[in-house]
Each structure stands twice: as structure tokens, then as C-alpha cells.
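Overview (structure and organization)
Chain by chain, the residues:
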Amino acid sequence: MKSVYSVPGDYVYFKSQVPLHKIPIGTKQWRYYDFGPKVVPPLICLPGTAGTADVYYKQIMSLSVKGYRVISVDIPCVWNHREWIQSFEKFLDAIDVHHIHLYGTSLGGFLAQLFAQNRPRRVKSLILSNTFLETRTFAAAMPWAPIVGWAPTFLLKRYVLTGIRDGPHEPFIADSVDFVVSQVETLSRDDLASRLTLTVDNASVKPLLLSDSFITIMDTNDYSSIPQELKDQLGERYPGARRAYLKTGGDFPFLSRPDEVNLHLQLHLRRVGLEAHPELVQSIPKDGTGGSHSKEDDKKDRDDEPKDYGGNPESNSEESQSSPSAPESSEFHGLDSQVLSNAEIHHENSVVLNRSATLMNPHEAAARILLQLTWELVIVSLLPLCVGSLYISNNARKFRQLM
């Protein structure tokens, strides 16, 4: 891991535009982000033990501009699975949401299955990533599980962080690990203790009423903290589920491979019949009103609607939209690089090069213009020397002829 962590620029932009909601429901405090057209049944993202609502910010930014409503939640302090089911149902009632699509990773995927098992009428589809069916394996690996509720904060954080693979990573995976570690530091002792309790509390997912055709299993092929045998059990339980494999991505592909994850999420939502409403999309409001708007503003908002500026390199332009005012990130400059490449192939003069460079992000454009100006200055500075050398050479030749 890096010794110095720098907050990603696109996350700073996200935090400045999308509000974090906090609502008390009974004795539980719910923290969540909710963005996108309110008429669309939401995709609700449930994080793992080390995650928070913030870890899905790339999914909120990408899918909301395509016309989907995305809700990302923190798992509140609940101490058993029955309490989780009841608390989550009260949360959905409080925000006036009835039918949902669940995307869960690790512990979040397990809790999503438990909710679908006990409240089948509310869950329309599942996307499960690096998750499991039962907790027996984790309970056996934690001999001090009975006293986890009394463990000090430093011990809980250390245990959670040891489950995150350290060592050499490719840059995007290393950045995702650093981001999640920074989120772990924001969790309280009760947050950590309750999540670890949910991980080791004896429970297993029974067969679901939900058809396998409404389930997508999305796993990474490199490594994850979930043992492979548990992931294999999940695949055997849902043989008719759609399988989405990511070549790399580690434990947090939603951060390290957001383009691929967002593409699979969008394909899943289309496949299960969830209709997006891109005509209701507007740019992220600075007042944090949540992404939906009145019908009177439809015409004005369509004129200001974000255009397609690239995204997942595997998706077409129709499936890759992002806000043009968003800062540079891995999701926002795929098409720009292609435009510049085509301009360099077909136009070699400097005027066209400058025009194509402006289609890129400001840093790359400035660097190319500066490089061009530097070459021009070098040529101008060397020109007198070349002319002088030619003059001297010409006079020397005349002198030899006279001799």
C-alpha cells in the first residue's frame, strides 16, 4: 500500500455534487446516496465489511446519467441477520421504495440474498459479486468471534485490513485498495463489530423464489478475499444465472474496473426489463436535489443534457455517457484519445494537430502545444547557425578556387 494517500479527483467532484443523506429509523442511523430519476425502480448497492456507501460513487456517476436511479447505502449497526432484514425493510419504506434491484459485494451480496429470501416480492433481481452462501467458514477462521462485540477498535480495524490483500498491485487495483482503506478509517467500533458479527453469525441462504434468469454473478478471476470454494458453491446454487467474469479487479472491481462493472450492471438491468429514463436526466445539481426534476423543466433540461464523451472501451457510444464537466478519470476520456489518434494519422499539419489536441483533456492538450512550440523555438534558434555555416562554407570554397 502507498504510504501517502491522495483523494481521487472524481471522488472530490462527486462529493461536491451528490448529497449524503442521513436518516434515523428507530434506533438505526442510515447513511446513503440516492441519485437518478425517482420514477425508476432503484439499483441498491450494498458494500462489504470494509466498504461504505462512498465506494460505489463511480457507479452512481455513470449509471445515473444513463437514466437509472442508484442508491448506495452503509450497512447500519445491526447485530444479527433478522435485525438486518427488518431494518432494511423499514429503510425502504422510509424512502418510499417498494421494488428494488440489489447489487451486493462480499458481505453485501450475502445480505442481499438473505433479504431476497425473506422478502421475495420486493426484490426483482440480484447482482452478486465475490460473495458467498453461508458464514460457517468465516466463523471457523475467527476463534474470538463470540467476543467480537467487546473487541477494541484497533483490533477490529487490524482484522478487517488483514483481509485485504497487500503487496504489488497494478495501479488501478492499488488505488482501489487505498480508497477502501481510507473508508475503513471512518468506521466506528460499533460499525466494524456489527459487520464482523454478521459475517460470522451462523446463517445460510436457502433456495430463493427468484428465478436464476434474474440473477447475475460477477466475479474477478485474479484473486479476492472470498475463498474460491465459496464462490463455486454460489455458482452451483444458481446454475441458470448469467456469469460475468472480470479478468482482473481484485476485491473491489467496482473501483478498480468501473467501466467493465458498469457495463455488466447496465446489461443486467436491461436484461431483467428495467427501463431507464434518459429523458429525465439532468446534470448533477449543485444544490444536491437528487437528480429528478419537474416536467416544466423538461425542455430546458434536454438542451443541457450531458452528451456522450466516452466510457467503457468495450461499450458503444449509446451505452457510454458521462457528464462533460466531470474531472478526468478512467471513465471520461476513452473517445478523446481515439479522436486525437485519428487526427494524427490523417492530418499532419500543426493547425489540425492543435484542434485535435483540444478535444483531449487540458493537460494533454497543453503538453502537446508546448512540445510543438519548443520545436519551433529550437528550429528558429538553429536557423542562424545553419545559414552562417553555409555562408562560411561557400566563402571557403571560393577561396580555394582562387588559390
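Naming follows an unreviewed UniProt entry, where the protein chain appears as Maspardin of Hibiscus sabdariffa.

1. Quick look at the overall build of the protein chain
Along the protein chain, the regular secondary structure elements total 15 helices and 8 strands. Scored against the burial criterion, the 403 residues of the protein chain give a buried share of 49%. As presented, the protein chain carries roughly 20100 Å² of accessible surface, and 57% of it is formed by carbon and sulfur atoms.

2. Things to note about a nonpolar patch on the surface
A cluster of nonpolar side chains, Tyr5, Val7 and Val12, forms an exposed patch at the surface whose accessible area comes to about 240 Å². Among the structural elements, tyrosine 5 can be located in the segment before α1 (9–17).

3. Some thoughts on unusual backbone geometry
With a phi close to 60°, aspartate 96 is a non-glycine residue in the positive phi region. Looking at where aspartate 96 falls in the secondary structure, it is placed in the loop between α3 (81–94) and β5 (100–105). Using a relative accessible area of 56% as the deciding quantity, one classes aspartate 96 as exposed. Located in the positive-phi region is serine 106, a residue other than glycine, with phi close to 55°. Relative to the helices and strands, serine 106 resides in the loop between β5 and α4 (107–118).

4. Quick word on the sheet that holds strand β8 (residues 242–246)
On the basis of which strands lie adjacent, the open sheet formed by 8 strands has the order β1-β2-β4-β3-β5-β6-β7-β8 and mixed pairing. Two strands lie at the open edges of the sheet, namely β1 (21–25) and β8, each paired on one side alone. Put simply, the sheet's adjacent strands are angled 25° from each other on average, direction ignored. The pairing of β1 with strand β2 (residues 28–35) spans 5 bridges and is antiparallel.

5. Focus: the packing of aromatic side chains
As enumerated under the stated definition, the model contains 19 aromatic pairs in all. Taking the centre distance of 4.9 Å and the plane angle of 85° together, the rings of tyrosine 11 and phenylalanine 179 count as edge-to-face. Of this pair, tyrosine 11 sits in helix α1 while phenylalanine 179 sits in helix α7 (residues 171–184); the two residues are 168 residues apart in sequence, bridging distant segments of the chain. In this pair, the class of tyrosine 11 matches that of phenylalanine 179, namely buried. Ring centres of tyrosine 56 and phenylalanine 254 lie 4.8 Å apart, and the angle between their planes is 40°; this geometry places the pair in the tilted category.

6. With respect to the nonpolar core
Core analysis: the biggest nonpolar cluster contains 95 residues, and Phe88, Leu102, Tyr103, Leu126 and Tyr238 have the highest contact counts within it. Of the residues forming this core, the biggest block, 7 residues, is contributed by α4. Apart from the residues lying within four places of it in its own chain, the contact partners of tyrosine 103 are Leu43, Ile44, Cys45, Leu46, Tyr56, Ile127, Ser129, Met218, Phe254, Val261 and Leu265.

7. Some thoughts on helix α9 (residues 228–237)
For α9, the complete set of buried residues consists of Leu230, Lys231, Leu234 and Gly235. Along the long axis of α9, the arc covered by the buried residues comes to 145°, so they all point the same way. Opposite the buried face of α9, at more than 90 degrees from it, the exposed residues are Glu229 and Glu236. In this fold, the buried residues of α9 make contact with α4, β6 (123–129), α5 (136–141), β7 (215–220) and β8.

8. Some details on the environment of lysine 231
Tracing the chain through its elements places lysine 231 in helix α9. Spatially, the C-alpha atom of lysine 231 lies 9.4 Å from that of isoleucine 217, the residues being 14 residues apart in sequence. Apart from the residues lying within four places of it in its own chain, the contact partners of lysine 231 are Asn130, Thr131, Asp219, Thr220, Ser224 and Ile226.

9. Some details on the packing of α3 against α4
Remark: α3 packs on α4, axes separated minimally by 10 Å, with the N-to-C direction vectors making an angle of 75°. Relative to α4, α3 is oriented roughly perpendicular. For the pair formed by α3 and α4, the contact residues are His81, Trp84, Ile85, Phe88, Glu89 and Leu92 on the first element and Phe110, Leu111, Leu114, Phe115 and Asn118 on the second. Of the residues contributing to the contact of α3 with α4, the split by class is 8 nonpolar, 2 polar and 1 charged.

10. With respect to the pattern of salt bridges
Under the counting rule described, the total for this entry stands at 15 salt bridges. Here arginine 257 and glutamate 170 are joined by a salt bridge, their closest N and O atoms 2.6 Å apart. Residue arginine 257 is found in the loop between α10 (253–256) and α11 (258–271), and its partner glutamate 170 is found in the loop between α6 (153–162) and α7; the two are separated by 87 residues along the sequence. For arginine 257, a relative accessible area of 13% gives the class buried.

11. A word on the environment of leucine 111
Its location among the elements puts leucine 111 in helix α4. Measuring from C-alpha to C-alpha, the distance between leucine 111 and threonine 199 comes to 9.6 Å, with 88 residues separating the pair along the chain. Contacts of leucine 111, omitting those with residues within four sequence positions, involve Ile75, His81, Trp84 and Leu198.

12. Considering the layout of surface pockets
The computed volume of the largest pocket comes to approximately 560 Å³. Along its surface, the largest pocket is lined by 28 residues, and Thr49, Ser106, Gly163, Ser225 and Ile226 are the ones closest to its centre. Counting only elements with at least two residues in the lining of the largest pocket, the list comes to α5, α6 and α8 (189–200).

13. Things to note about the environment of proline 258
Inspection of the secondary structure assignment puts proline 258 in helix α11. The exposure class assigned to proline 258 is buried, which follows from its relative accessible area of 3%. A sequence separation of 201 residues divides proline 258 from tyrosine 57, and the C-alpha atoms of the two residues are 9.8 Å apart.

Scoring rules and cut-offs
Residues numbered from 1 in each chain as written. Predicted model: local features only at pLDDT ≥ 70, side-chain atom pairs only at ≥ 80, totals over all residues. Heavy atoms only, no water. Helix = DSSP H or I, 4+ residues; strand = E, 2+ residues; numbered from the N terminus. Buried < 20%, exposed > 50% of the residue type's maximum accessible area, 1.4 Å probe, protein only. Areas by Shrake-Rupley, 256 points an atom, 1.4 Å probe, with all protein chains shown as cover. Patch = residues over 30% accessible without salt bridge, like charges linked within 9 Å, V, L, I, M, F, W, Y side chains within 5 Å. Salt bridge = Lys/Arg side-chain N within 4 Å of Asp/Glu carboxyl O. Pairing = 2+ DSSP bridges. Axes fitted to C-alpha atoms, helices over the stretch in contact; angles between N-to-C directions. Phe/Tyr/Trp six-rings, centres within 6.5 Å; stacked < 30°, edge-to-face > 60°. Core = buried A, V, L, I, M, F, W, Y, C linked by side-chain atoms within 4.5 Å. Contact = heavy atoms within 4.5 Å. Arc of directions from axis to C-beta. Parallel < 35°, antiparallel > 145°, perpendicular 65-115°, else oblique. Nonpolar A, V, L, I, M, F, W, Y, C, P; charged D, E, K, R; others polar. 1 Å grid on protein atoms, 1.4 Å probe; cavity = no way out; pocket = protein on both sides within 12 Å on 5 of 7 lines; lining within 4 Å. Points joined across faces, edges and corners; volume = space filled by probe spheres on them.

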